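Examination of the molecular architecture
Now for the letters of each chain:
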Amino acid sequence: MSQPPGRLRPETDDHDTGGFFAAAAREELAVCACAACGAVLHLPRAYCARCGSWDTVWRTVAGRGRLYSWTTVEHQVHRSFPVPYTIVLVELDDAPEARLVGYLPGRPELTAGMAMRVWFEPVDDEGTLLPQWIPEPETEGA
Amino acid sequence: MSSAADRDRCAISGIGATEFSSDSGRSALSLATEAALAAIADAGLTSVDVDGIVRCDLDAVAHNDLAEALGLPDLTYWGTSGPGGAAPGGMIGQAVGAIRSGQANAVLAFRALNGRSGARFGQAGSGPGSGAGSGGGRRVGGGGKYDEFFAPYGLVAPGHLFSLLARRHMIEFGTTEEHLGHIALACRARANANPAAQMRDRSLTMEEYLGARMISSPLRLFDYCLETDGACAVVVTSRERAGDGPHPPALIRAVAQSAGPEPQVGFLYPTLMRKSLTTQTSKSLAETLYRRAGLGPDDVDVAQFYDCFTITVLLQLEDYGFCAKGEGGPFAASGAIDKGGSLPINTSGGHLSEGYLHGLNHVVEGVRQIRGTSTSQVPGAEVCLVTSALPVTTSGLILRRP
């Protein structure tokens, strides 16, 4: 899963989104949710328009999801991303309101709705971990 | 533009454009000035008559830049719309609002860019990283941008987003690459008849479309629009004043903007969080626009759909009610969108084959259809739909013959 040096890293100390990357640094996947009514607030933000609460929590969710869409990029537009590579869009099993993006090298064989599993990729030596997604291995003996 | 009383009260009386090229060798301000002068003259006016300017938020040219370049004696109204390609319908709406409220008499709407020789899409963050010594590259996102959820994964260009939308449409409805190809071919055929189009001399067959290199699956080379240097401008006045000009006025039947029920934070990529990726802001926009116009899809004779990519058109064919949701592919393949079809589209060639002027060339071509001067004129066209970019927000207008 190697990528070239100098790749883009996420800003991890934003007021509204920092908790997502703080959880990732612990190898946990978390979504922002309203503490009052439970609504998932993804992408993360401070106010729940559904119930009017300013009280939010980071809810740990299972690192599993389903492949919602994908594209294999064949034409390079950014120096940090040599082609081919594949961008996946994953719908979370525990919070279907939330979708997360992932990077796969090359041109993997993918099918809509396939099971995906999270892993956490170090992207620097400062402890920044980036949630990534790979197809769930076939169940052994199945 | 909120009630029937506003219908047809203002008009586009002048249109102008520069050459569309891949290297203008000129500044954006120079391009904007040329297009503006052409539009003002086309309206039968002179620069001293212009007292309003509306622009796109991504334009390098500010309202005062153009006012100075044109020698305007006193600009009393200006406004900015966007984001990006969603601007044109909103710009026309601002012009109408300014005229109806007495803040201006003649408003210039323009878009100028060196879209090929200057700044290009997808290059953000390509410079030297600021993360030296950290083992990592530049940090992206934060500050309300939300790019931290997208750019680190290589989701860095609008085409990547639209490829995800196209794949999803294929998953949900069985849409095919050939379906998208019919949209590319229709736009190319119209460009082949348009001497001003960048692709005027280059025909396109389905075999060539399918044989072209993949850019970001499932979108190939000809699913992507052009990158263009150039400028377009239009002049908006009251219906009465437009009637004094040398050309038949293109009445502005209605204008609308829409951010839809799930506006989303940030810009562009966060729209991937919407419940549906295959019904877009164009759906809610269409409802508002048709209601304001007192018209429906059956009344539209010709349409200029914003076409940054072929899939953008396919989504709008459905969202604007010309076919059922999911039927955009078969509808495009049926010949309906071609010359002589029930809904000829993008009669100048659109972004895919005329040039990428961020939706304002669609407004210019809409006026030509109403005047009867298009190079792919739809006989007897009385009502033209013109749309602007999705998915972040969108805007649109309906033009009508007096």
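The model shown is predicted, which means the values in this text are computed figures rather than measured ones.

**Here's the deal with the overall build of chain B**
Helix and strand counts for chain B stand at twelve helices and twelve strands. On C-alpha atoms alone, chain B measures out to a radius of gyration of 20 Å, which is about the 21 Å that the 2.2 N^0.38 rule sets for 402 residues. Principal-axis analysis of the C-alpha atoms places the extent of chain B at approximately 60 × 55 × 40 Å. Evaluated residue by residue, chain B yields a buried proportion of 63% over its 402 residues.

**A word on the layout of surface pockets**
Roughly 540 Å³ of volume is contained in the second largest pocket. Val40, His42 and Arg45 of chain A together with Glu262 and Lys275 of chain B are, among the 21 residues lining the second largest pocket, the residues nearest its centre. Class assignment for the residues of the lining of the second largest pocket results in eleven nonpolar, three polar and seven charged.

**Some details on unusual backbone geometry**
Residues and elements named next belong to chain B. Omega for the bond connecting Gly82 with Pro83 falls within 30 degrees of zero, at 0°, which places this linkage in the cis form. By secondary structure assignment, the location of Pro83 is in the loop between β3 (77–81) and α3 (87–100). Put simply, Ser217 and Pro218 share a cis peptide bond, and its omega is 5°. Relative to the helices and strands, Pro218 is located in the loop between β6 (214–216) and β7 (219–220).

**Looking at the packing of helix α4 (residues 158–173) of chain B against helix α9 (residues 310–319) of chain B**
All names here are of chain B. Taken N-terminus to C-terminus, the directions of α4 and α9 make an angle of 50°; their axes are 10 Å apart at the nearest point. With respect to each other, α4 and α9 are oriented oblique. Like other packed secondary-structure pairs, α4 and α9 cross with a definite hand, here left-handed. For the pair α4 and α9, the contacting residues are Phe162, Leu165, Ala166 and His169 in the first and Ile311, Thr312, Leu314, Leu315 and Glu318 in the second.

**Some words on the side chain of Thr72 of chain A**
Secondary-structure assignment places Thr72 of chain A in strand β4 (residues 64–73). Taking relative accessible area as the criterion, Thr72 of chain A reaches 8% and is therefore assigned buried. Here Thr86 of chain A takes part through its side chain, which lies 2.9 Å from a polar atom of the side chain of Thr72 of chain A. Setting aside chain neighbours within four positions, we find Thr72 of chain A in contact with Pro84, Tyr85, Thr86, Gly106 and Arg107 of chain A together with Ile215, Ser216 and Ser217 of chain B.

**Regarding the nonpolar core**
Within the largest apolar cluster, 141 residues are counted, with the highest numbers of intra-cluster contacts made by Ile12, Ile92, Leu272, Phe305 and Leu385 of chain B. Non-local contacts of Leu272 of chain B, meaning those with residues more than four positions away in its chain, are made with Leu89 and Arg99 of chain A together with Phe150, Leu155, Leu161, Leu164, Leu165 and Leu277 of chain B. Core analysis: the next-biggest nonpolar cluster, separate from the first, contains 24 residues, Ala43, Val50, Leu108 and Phe110 of chain B among them.

**A short note on empty space enclosed by the protein**
Picture a little ball the size of a water molecule; that probe, rolled over the atoms, points out where space is still empty. Residues and elements named next belong to chain B. Within this structure, the stated rule accounts for one cavity of 30 Å³ or more. Taken as a whole, the largest cavity holds about 30 Å³ of empty space. Put simply, the parts of the chain that give the lining of the largest cavity at least two residues each are α5 (177–192) and α11 (350–353).

**Observations concerning the interface of chain A and chain B**
Interface size is commonly expressed as the accessible surface area that is lost when the partners come together. Across the boundary between the two partners, chain A contributes 46 residues, which contact 50 residues of chain B. Approximately 4,000 Å² of surface area, both sides summed, lies buried where chain A meets chain B, with 57% of it carried by carbon and sulfur atoms. Ranking the residues of chain A by area buried against chain B places Arg9, Leu43 and Tyr68 of chain A at the top, with a combined share of 17%. When the shortest N-O distance is used, the salt bridge between Glu126 of chain A and Arg139 of chain B registers 2.9 Å. Counting across the chain A and chain B interface gives 24 residue pairs in polar contact (both at pLDDT 80 or more). Contributions of two or more residues to the side of chain A that touches chain B are made by β1 (9–10), α1 (18–25), β4, β5 (85–92), β6 (99–105) and β8 (129–135) of chain A. Top contributing element to the side of chain A that touches chain B by residue count: β4 of chain A, with six residues. Of the residues belonging to the side of chain A that touches chain B, the class tally is 21 nonpolar, twelve polar and 13 charged.

About the thresholds
- Residues numbered from 1 in each chain as written.
- Chains lettered and ligands numbered in written order.
- Predicted model: local features only at pLDDT ≥ 70, side-chain atom pairs only at ≥ 80, totals over all residues.
- Heavy atoms only, no water.
- Helix = DSSP H or I, 4+ residues; strand = E, 2+ residues; numbered from the N terminus.
- Rg over C-alpha atoms; globule rule 2.2 N^0.38 Å.
- Buried < 20%, exposed > 50% of the residue type's maximum accessible area, 1.4 Å probe, protein only.
- 1 Å grid on protein atoms, 1.4 Å probe; cavity = no way out; pocket = protein on both sides within 12 Å on 5 of 7 lines; lining within 4 Å.
- Points joined across faces, edges and corners; volume = space filled by probe spheres on them.
- Nonpolar A, V, L, I, M, F, W, Y, C, P; charged D, E, K, R; others polar.
- Axes fitted to C-alpha atoms, helices over the stretch in contact; angles between N-to-C directions.
- Parallel < 35°, antiparallel > 145°, perpendicular 65-115°, else oblique.
- Left-handed = near helix turned anticlockwise from the far one by under 90°.
- Contact = heavy atoms within 4.5 Å.
- Polar contact = N/O pair within 3.5 Å; in protein donor to acceptor, adjacent residues only side chain to side chain.
- Core = buried A, V, L, I, M, F, W, Y, C linked by side-chain atoms within 4.5 Å.
- Buried area = accessible area lost by both parts, 1.4 Å probe.
- Salt bridge = Lys/Arg side-chain N within 4 Å of Asp/Glu carboxyl O.

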